[in-house]
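# What the coordinates show
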Amino acid sequence: MISVRNLGARVGAFHLRDVSFDVPAGGYGVVIGPAGSGKTTLLEAIAGLTPIVSGDISLGSRAVTREPPEDRGIGIVYQHGYLFPHLSVGENIHYGATTDTTTSAQEVTRRLGIADLGDRDVQSLSGGERQLVALARALARRPPVVLLDEPFSALDPKRRALARREVRALHREWGFTALQVTHDFTEAGLLGDVAILLDAGRVLQCGAPDEVFRRPATPYIAEFLGAENVLAGTVRVLRDAPPDFIAGDQSPGTLVPADLASGYHALEFVAGALKIYTVGNAGSGPAYAVIRAEEVSIARTAPATSARNVFRGRIMELSTLGALARVALDVDGMPLVAALTARSADELGLREGEQVWASFKALAVHLC
Amino acid sequence: MQTAPPTPPRQAVYRVISVVAALGSSVLLLFLVAPIAQLVTRGGVSGIRAVGVDADLRGALLLTALTATGATLFGILTGTPLAYFLARTRSRGAGAIAAVLDLPLLIPHPVAGIALLLVLGRDSLAGSWLLKAGLGVVGTPLGIIAAMLFVSAPLYVSGAREAFARVDRRFEGVARTLGDKPWRVMRRVTLPLALRGLVASGVVMWARAVSEFGAIVILTYNPKTVSVLSYDRFTTFGLSEAIPVAAALVLFAVIPLVVLRLLRYERRLDQPW
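Residues numbered from 1 in each chain as written. Chains lettered and ligands numbered in written order. Predicted model: local features only at pLDDT ≥ 70, side-chain atom pairs only at ≥ 80, totals over all residues.

## What about the overall build of chain A?
Short version of the rule: Starting at the N terminus, helices and strands are each numbered in turn, a helix being any DSSP run of H or I of at least four residues and a strand any DSSP run of E of at least two. Buried, partly exposed and exposed are defined by the number of other C-beta atoms within 10 Å of a residue's own C-beta, namely 20 or more, between the two limits, and 12 or fewer respectively, with C-beta atoms placed from the backbone. Contact definition: two residues whose C-beta atoms, as placed from backbone geometry, lie within 7 Å.
Along chain A, the regular secondary structure elements total ten helices and 20 strands. Per-residue burial over chain A gives 39% buried out of 368 residues. Sequence separation of 24 or more characterises 67% of the internal contacts of chain A that already satisfy a separation of 6 or more.

Pasting the structure below:
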């Protein structure tokens, strides 16, 4: 496992402050954050390549805070590979190999599809090939912990998918703990067991990727993670309504068992002309509502739906990106964005300027 | 947004500035090349011939080559660790050391010779110890090496520091994570990647050592290096006798120039990929 507690590090004017998180043994952590948020510094601090000013690092059951990099049992892969330019591809891959790891070096090169690059000069490799060789070099030693700094960024989509699949498979088979920096939210969702959101040297949120994506702790995180509907407004607890309950249908007036209700209330969130119904444990007062665009459905006529939030709005902008369509609505002066498949948009015959119905469930609304 | 084209009077000013700059550069280039070209033209052939017939010149060339090589090897052995320390340390202490290293380059070389005489002369502490150990400095090849080392080692350390600084620390970091201890990283990664810069700095140091006169003439007039011999021939016999020796020295200095050019045109090895 990787356990980081109150980690502080300084590189020039940049500070990593009070960073804490855990990636369980054999888990796959992903670090997400904007450029300059300290992602690489964090990996280097864990690797022992950047001196830390405070905190503790444990890898597995060992406290390694004061151990040199060569004794930490880690492999690191940088975005730019850092292949040794005076050595051939094969010599790079076998740089840290021992007699015990020759087989794993051969296996990893075969699985990453670079077995035939052995005699090549690293200067002659493409950016993607270099990343694969750097991956093979780090994995060949079978370290218990692997740190990956955007290792797939220079790969074409086909090779990226292959490399991602193979790294994930090796991770499962060999049981190493991984921590990967990525800008790709899809990658984070596909690979990660734990997502760590970093900004300006601090951890903003840490948890299961689905939890971080669906329940961002702040509007900033929501926007950073690509949530298109982040609305500022006011929450009002509907005290006159019975406690609502998020798991299953309940007839009005049904008493919800106390252990299931656990503080959840029916809430009304008002943002301009929009009155949004939701449930949660927030108190009355100012808040932000986050609704992911893919949670918003569009219909030509008023839908007969269980969704509690149904609005009529005008299509202000309709854009398609491959098989996806993005529909920006104006609902009584408030913007609302829906994401649907291009085929759905086509079948509905959506046109800019037309009036349509938008709906989303109360549970699709996350307050922060 | 496109910028407006310069107005005609401004264009004329730019043209005049360009012409003046080109003229100035040409004058400087001519000033640097003309004396050397003249010397080689007038004394090149006789200089080469003199190497064959003039035993003093042959001896001086051999002495110069050996002492310059000795000084360079000593400078590389002792200066390389210092250069690495300076390249990898960001502290006021390292900055102060780097500044001190520049001092020998700034003081007049006869003054450097006098300073060395104070430290290594027969009456000095170090000089007397060396004498007791059978290593006389003043008036010996060791004095020549000391003078050469003093004036040229800072050039090596400065160049080597740059060569190490160009090696991205992440190469070293990756090697550490692959199991290497720091000394092994130095041997397997840092030195190979900095090698070209280190060799180039060594060549510069050697060339500077070969051309040294001021400090050597204070410490060791005899035996004579080529630079001292050319001065001696000039003061004793006049210009015509000095020209072949001086031309031989110029031709000797072409060797490091060629080596440097060869090194410069090789591909760079210290980039991230």
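## Things to note about the interface of chain A and chain B
Rules: Residues are sorted three ways: Asp, Glu, Lys and Arg are charged, Ala, Val, Leu, Ile, Met, Phe, Trp, Tyr, Cys and Pro are nonpolar, and all the rest, Gly among them, are polar.
On the chain B side, the residues contacting the 20 residues of chain A number 17 residues. The element that contributes the greatest number of residues to the side of chain A that touches chain B is strand E6 (residues 74-77) of chain A, accounting for three residues. The class makeup of the residues in the side of chain A that touches chain B is twelve nonpolar, five polar and three charged.

## Side note on the nonpolar core
Quick reminder of the rule: A set of buried Ala, Val, Leu, Ile, Met, Phe, Trp, Tyr and Cys residues, joined to one another through C-beta atoms within 7 Å, is what we call a nonpolar core. The domain limits used here are those given by an automatic or database domain assignment.
Ranked by size, the top nonpolar core spans 160 residues in total, and within it Leu 135, Ala 136 and Leu 147 of chain A together with Ala 147 and Leu 219 of chain B carry the most contacts. Counting residues per element, this core draws most heavily on helix H6 (residues 141-165) of chain B, at 15 residues. Domain assignment of the residues forming this core places at least three in each of domain 1 (2-214) and domain 2 (220-367) of chain A. Setting aside residues no more than four positions away along its own chain, Ala 147 of chain B makes contact with Gly 113, Leu 116, Glu 212, Ala 215, Ile 216 and Leu 219 of chain B.

## Digging into the domain arrangement of chain A
All names here are of chain A. Here chain A is partitioned into domain 1 (2-214) and domain 2 (220-367). One C-alpha centre belongs to domain 1, the other to domain 2, and the line joining them spans 38 Å. Elements with a minimum of two residues in the side of domain 1 that touches domain 2: strand E10 (202-207) and helix H7 (209-214). For the side of domain 1 that touches domain 2, a count of residues per class yields five nonpolar, one polar and one charged.

## A look at the sheet that holds strand E15 (residues 297-299) of chain A
Strands belonging to one sheet form pairs held by backbone hydrogen bonds; the direction of such a pair is parallel or antiparallel. Residue and element names in this part refer to chain A. Basically, it comes down to this: Two strands form a pair only when DSSP identifies at least two bridges running between them. Here an angle of 0 to 180 degrees is reported between the N-to-C directions of two axes, which are lines fitted to C-alpha atoms, with helices fitted over the stretch in contact.
Strand order in the open sheet formed by five strands is E15-E19-E16-E17-E18, and the pairing between neighbours is antiparallel. Strands at the two margins of the open sheet, each flanked by one partner only, are E15 and strand E18 (334-341). Between one strand and the next, the sheet's axes are offset by a mean angle of 45°, whatever the strand orientation. Across three bridges, the pairing between E15 and strand E19 (residues 355-360) is antiparallel. Within the sheet, the bridge partner assigned to Ser 297 lies in E19 and is Ser 359.

## Remarks on the pairing of strand E4 (residues 52-59) of chain A
Residues and elements named next belong to chain A. Bridge count between strand E1 (residues 2-11) and E4: six bridges; the pairing is antiparallel. Residue Ser 3 lies in a different strand from E4, and its bridge partner there is Ser 58. As paired strands, E4 and strand E5 (residues 62-63) are joined by two bridges and run antiparallel to one another. Looking at E5, one finds that Leu 59 is bridged to Arg 62. Between the antiparallel neighbours E4 and E5 lie two residues, among them Gly 60 with a positive phi of about 65°.

## Looking at the confidence of the model for chain A
Residue and element names in this part refer to chain A. The test is simple: A residue's pLDDT is simply how confident the predictor is in it, with values from 0 to 100.
Summary statistics for chain A give a mean pLDDT of 88 and a share of 93% for residues scoring 70 or more. Per-residue pLDDT, averaged within each element of chain A, yields its smallest value for helix H9 (residues 258-261) (45) and its largest for strand E7 (residues 145-149) (97). A low-confidence stretch, residues 244-261 stays under pLDDT 50, and its non-local contacts, those more than four residues away or across chains, total 19 contacts.

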